[in-house]
Amino acid sequence: MTIKILTKPELTTPLQEEIQKLFLQLSTTIEQLPLETIFERNEGLVFVYCSIEGRVVGMATMALYSVISGAKGMIEDVVVDEACRGKGIGRKMMEALLTEGESRKLNEILLFSGHHRKAAINLYQSLGFQLKQSGIYNLRL
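None of the values given here were measured: they were computed from a predicted structure. (Residues numbered from 1 in each chain as written. Predicted model: local features only at pLDDT ≥ 70, side-chain atom pairs only at ≥ 80, totals over all residues. Heavy atoms only, no water.)

Right, let's get into the environment of Met-94. Within the secondary structure, Met-94 is located in helix α3 (residues 89–103). The class for Met-94 is buried, based on a relative accessible area of 0%. Separated by 55 residues in the primary sequence, Met-94 and Phe-39 have C-alpha atoms spaced 21 Å apart. (Helix = DSSP H or I, 4+ residues; strand = E, 2+ residues; numbered from the N terminus. Buried < 20%, exposed > 50% of the residue type's maximum accessible area, 1.4 Å probe, protein only.)

Quick look at the environment of Glu-53 now. Locating Glu-53 in the fold gives a position in the loop between β2 (45–52) and β3 (55–67). Put simply, Glu-53 and Lys-8 are 45 residues apart on the chain and 22 Å apart in space, counted from C-alpha to C-alpha.

Moving on, we get to the packing of aromatic side chains. By convention here, two paired aromatic rings are described through the distance between centres and the angle between planes. Tallying each qualifying case throughout the model produces 2 aromatic pairs. With a centroid separation of 6.5 Å and 40° between ring planes, the pair formed by Phe-47 and Tyr-49 is classed as tilted. With respect to burial, Phe-47 and Tyr-49 carry one shared label: buried. Measuring from ring centre to ring centre gives 6.2 Å for Tyr-124 and Phe-129, while their planes differ by 65°; the resulting arrangement is edge-to-face. Neither residue differs from the other here; Tyr-124 and Phe-129 are each classed as buried. (Phe/Tyr/Trp six-rings, centres within 6.5 Å; stacked < 30°, edge-to-face > 60°.)

As a packed pair, α3 and helix α4 (residues 118–126) sit with axes 11 Å apart at the nearest point and diverge in direction by 45°. The orientation of α3 with respect to α4, classified from their angle, is oblique. Taken as a pair, α3 and α4 cross one another with a handedness that is right-handed. Residues Gly-90, Arg-91 and Met-94 of α3 form the contact with α4, whose participating residues are Leu-123, Tyr-124 and Ser-126. Among the residues forming the contact of α3 with α4, the class breakdown is 3 nonpolar, 2 polar and 1 charged. (Axes fitted to C-alpha atoms, helices over the stretch in contact; angles between N-to-C directions. Parallel < 35°, antiparallel > 145°, perpendicular 65-115°, else oblique. Left-handed = near helix turned anticlockwise from the far one by under 90°. Contact = heavy atoms within 4.5 Å. Nonpolar A, V, L, I, M, F, W, Y, C, P; charged D, E, K, R; others polar.)

As structure tokens, this is what we get:
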């Protein structure tokens, strides 16, 4: 098992295709932006993935941004291949993102998880995340 932070020079078409397939296990209704597009925009994104024997079996992203209240990270799109769940892959990817957040001196790392994702919520809480007393609103553009 290899956990790695993906950089633009390392992104290949086969890797992008594997990531797209894995993302479908997270959501079949959300349109995925190609990673090359995100890297080209030079947006603040940390993309971590797990591979086993050359096959991508997990991914997680953290968007980086700064506002008046500080430097923050927002973790999104955490998914582990169904066949590989329960092996600590999600934990290792999350730990890699948290380490990256510490090295970038973030003040806060946020994440959103559906209430039905019990295993994910248990993982996040075991890493120290706490439920924030706020509401999330969205507007699709």
